[in-house]
Amino acid sequence: MATPFVIPPLPSRLAFRASQLFQKDAFVCRRCMHQQSKQPHAFRSTRRTPFLDAFRQPRRSVQSRWQSSSPTAQSSSISSPLGALSQSISRDARPSHSSTTSSSSWPETSHKSVAYWLLGSAASVFGIVVFGGLTRLTESGLSITEWRPVTGSLPPTGEQAWAEEFARYKLSPEFKMLNSRMDLEEFKQIYWMEWTHRLWGRVVGITFLLPTLYFVVRRRVSRHMALKLGGICGLIGFQGIIGWWMVKSGLKDDLFAQGQHPRVSQYRLAAHLGTAFLAYLAMLWNGLSILRAHRLLQNPAEGAKLLEQLRHPSLRPFKRSVAALSILIFTTAMSGALVAGLDAGLIYNDFPWMGQGIIPPKREMLDPFYSHTPSPHPDLLWRNALENPVLVQLDHRILATTTFTAVIALWAYSRFNPRVRATLPKEAQKAALGLVHLVSLQVVLGISTLWYLVPTPLAAAHQAGALALLTGVAVLGRRVFVSKRTLQTVQKALERQGSALGKGAVQRHWTPPAGTH
């Protein structure tokens, strides 16, 4: 004869209590009900306490160490009253570190607002580059002879202050050699141009530094992006220092040759413009990267498929060509800065001819006048290439023609190569075609600027066209290059999506064990 199974009094009471809290129709044996009826009636408080809340609203947390890893065992333990009670107690006993980890860690992907802010900052830098070109073309850049980063933000407010500012300008070589007949009203016009340019630079710095601190403190950016934003902040500050270093070169008589009118050093002008271009490209590239990551994460499966398509071996030559083209465009733009610094656009105002032929005479291209060493002049070649207006303009023509040819060749390669055309995404094909339009417009602007003796509107548009062309190649590069970080982020999102779908499938197909209803 089998021994009857006897439930101890304490577990039976706990089981009866849990069944009342979790399931009204839970199964309780007759023996448990009989033993429960013999207990004295205790006062039941209706107040919400942490202990009762553990029964009424079980919180999601880490599973207990003694819980079985099998889905069937987990489900059966949850369905029983004793299992539910033990899980509730173990959840409260084990501390959960998920909230602490999430609040102190960096996100995998930066917030979309960071991308929009970066693109807005890039647009501001684009504007200040164009305005800086206008400041140079109107010969207003040397009107302010001091560099005061803080107090210089306020312009002169009275006649006495304007007179003092004008007196300082009268001491500059530009006033003595070019503007000796300038009056106060004419000085104010060039002063406001340079003051606005400097103020715009300060606004760019402040509107980038303060949001960077906010986004980093609020953890709206990934750790990798936070480092990039810090680097851009440093680049903006360095850009301001280079700007004053450039202006200072036009305020000293010993920095330009005897008999020449005062102008800033073409080397420092190229450095100033190149730093601005790099800051613009960094803002644009990172802003587009964040938007692209969010677009890929909206559908990780399609995003992973697109990334694998871009990693196809048939696109490697195309990617290398895009990288080489970006370097070529940047180099051409810097040669244009040398042309601007030397006023080389005011000679040989014809295209494609330079005098009687396509290239000028050799004695004009390699003039010993620009050499700083005695015969045989070992620095003759590079000095003329960087300081002789004739050879500098010829170099710019060669680089511009090479850039135009390279862009057309890259588009033709993406269009008529069967493997590249079949593999390259439609967005990248559109970007390559847009690059053709931009380079065609830039060539027209450059030739027109030369033909019409560098008028201010055309020259400013030509400088803006150079930055627009760099924008086009940056957009194309962003659409074809795949970083390892982006690939890992999409793969993790795809794994999480697959894990969530797998758990959902298990819950949909799970059947409660017999006797739980």
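Higher on the page you've got the structure.
Heads up: these notes are all about the structure in this document. What you see is a predicted model; the values in this text were computed from it and never measured. (Residues numbered from 1 in each chain as written. Predicted model: local features only at pLDDT ≥ 70, side-chain atom pairs only at ≥ 80, totals over all residues. Heavy atoms only, no water.)

Notes on the nonpolar core
- Core analysis: the biggest nonpolar cluster contains 61 residues, and Phe208, Phe277, Phe318, Leu325 and Leu476 have the highest contact counts within it.
- Of all the elements in the fold, those that place two or more residues in this core are α7 (112–137), α10 (184–217), α11 (223–249), α12 (266–298), α14 (316–342), α17 (389–416), α19 (426–451) and α20 (456–480).
- The biggest single contributor to this core is α14, with eleven residues.
- Excluding residues within four positions of it along the chain, leucine 476 makes contact with Phe318, Val322, Leu410, Ala428, Ala431, Ala432 and Leu435.
- Counting ten residues, the second largest nonpolar core, distinct from the first, contains Phe166, Met182, Phe187 and Trp195. (Core = buried A, V, L, I, M, F, W, Y, C linked by side-chain atoms within 4.5 Å. Buried < 20%, exposed > 50% of the residue type's maximum accessible area, 1.4 Å probe, protein only. Helix = DSSP H or I, 4+ residues; strand = E, 2+ residues; numbered from the N terminus. Contact = heavy atoms within 4.5 Å.)

Comments concerning the packing of aromatic side chains
- Under the definition given, this model contains 19 aromatic pairs.
- The interplanar angle of 65 degrees and the centroid separation of 5.6 Å between the aromatic rings of tryptophan 162 and tryptophan 192 together place this pair among those described as edge-to-face. With tryptophan 162 in helix α8 (residues 159–170) and tryptophan 192 in helix α10, this pair connects stretches of sequence that are 30 residues apart.
- Tryptophan 192 gets classed as partly exposed once you look at its relative accessible area, which sits at 36%.
- Ring centres of phenylalanine 166 and phenylalanine 187 lie 5.0 Å apart, and the angle between their planes is 35 degrees; this geometry places the pair in the tilted category. Placement of the pair is phenylalanine 166 in helix α8 and phenylalanine 187 in helix α10, with a sequence separation of 21 residues. When sorted by exposure, phenylalanine 166 lands in the same class as phenylalanine 187, which is buried. (Phe/Tyr/Trp six-rings, centres within 6.5 Å; stacked < 30°, edge-to-face > 60°.)

Remarks on the environment of leucine 315
- Inspection of the secondary structure assignment puts leucine 315 in the loop between α13 (300–310) and α14.
- Judged by relative accessible area, which is 1%, leucine 315 ranks as buried.
- Spatially, the C-alpha atom of leucine 315 lies 6.2 Å from that of valine 420, the residues being 105 residues apart in sequence.
- Beyond its immediate stretch of four places on either side in the chain, leucine 315 contacts Gln309, Leu310, Val420, Thr423 and Leu424.

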